[in-house]
Amino acid sequence: MAHTHPEPDCLADFAAGRLSEAKAVVVATHATLCPDCRAAIADGEAVAGALLEACEAPVSPGLGSAVRAALDAPPV
């Protein structure tokens with residue numbers, strides 16, 4: 001088990017997708033082997049998801065189909 005862990009702010013930034021690709025790889029690799037950090041990341045993702053669900057921002061008509069089309073499109 002790892003003896004040195006990423007700072008809590010770093011784990012929160014990872015959960016929010018705010019880390020550079022290189023830092024994200026390091027944190028993801030660490031979290032693969034560290035259940036405590038993996039749990040902290042999952043907690044951050046759960047909080048972010050709850051905040052998004054509570055958000056009542058207006059959504060334009062057709063947004064859902066546009067997102068699905070973008071997800072189904074071949075990678076660029």
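Provided above is the structure to which this section pertains.
In this text, all values refer to a predicted model and were calculated from it rather than measured experimentally.

What counts, and at which threshold
By convention here, each chain's residues receive numbers from 1 onward along its written sequence. Reporting in this predicted model follows two pLDDT cut-offs: at least 70 for local features of residues, and 80 or more for side-chain atom pairs to be given and counted; totals over whole chains, interfaces and linings ignore these cut-offs and use all residues. Hydrogen atoms and water are omitted, and side-chain values are computed over all heavy atoms in the structure. By convention in these notes, a salt bridge is any Lys or Arg side-chain nitrogen within 4 Å of a carboxyl oxygen on Asp or Glu. We call a residue buried when its accessible area falls under 20% of the maximum for its residue type, exposed when it is over 50%, and partly exposed in between, using a 1.4 Å probe and counting protein chains only. By nonpolar core is meant a set of buried Ala, Val, Leu, Ile, Met, Phe, Trp, Tyr and Cys residues that side-chain atoms within 4.5 Å join together. Note on conventions: DSSP H or I runs of at least 4 residues are helices, E runs of at least 2 residues are strands, and numbering of each starts at the N terminus. Two residues qualify as a contact provided that any one of their heavy atoms is within 4.5 Å of a heavy atom in the partner residue. Here an angle of 0 to 180 degrees is reported between the N-to-C directions of two axes, which are lines fitted to C-alpha atoms, with helices fitted over the stretch in contact. Oblique is the label for any angle not covered by the other classes, which are roughly parallel (under 35 degrees), roughly antiparallel (over 145) and roughly perpendicular (65 to 115). In this scheme the handedness of a crossing depends on how the near helix is turned from the far one: anticlockwise by less than a right angle means left-handed, clockwise means right-handed. Amino acid classes used here: Ala, Val, Leu, Ile, Met, Phe, Trp, Tyr, Cys and Pro are nonpolar; Asp, Glu, Lys and Arg are charged; the rest, including Gly, are polar.

Draft legend 1. Main features of the pattern of salt bridges. Taken as a whole and assessed by the stated rule, the structure comprises one salt bridge. With a shortest N-O distance of 2.8 Å, aspartate 13 and arginine 18 are connected by a salt bridge. In this structure arginine 18 comes out as exposed when scored by relative accessible area, which is 57%.

Draft legend 2. Focus on the nonpolar core. Leu11, Ala15, Leu19, Val27, Ala31, Cys34, Cys37 and Ile41 form the largest nonpolar core, which has eight residues in total. Of all the secondary-structure elements, those providing two or more residues to this core are helix H1 (8–16), helix H2 (21–33) and helix H3 (35–54). Not counting the four nearest positions on each side in its chain, leucine 19 is found in contact with Cys10, Asp13, Phe14, Ala24 and Val27.

Draft legend 3. View of the packing of H1 against H3. Direction vectors running N to C along H1 and H3 enclose 55 degrees, while the axes themselves pass 8 Å from each other. Considering the angle they form, H1 stands oblique to H3. Considering how the two elements wind past one another, H1 and H3 form a crossing that is right-handed. For the pair formed by H1 and H3, the contact residues are Leu11, Phe14 and Ala15 on the first element and Cys37, Ala40, Ile41, Gly44 and Glu45 on the second. Partitioned by chemical class, the residues of the contact of H1 with H3 number six nonpolar, one polar and one charged.

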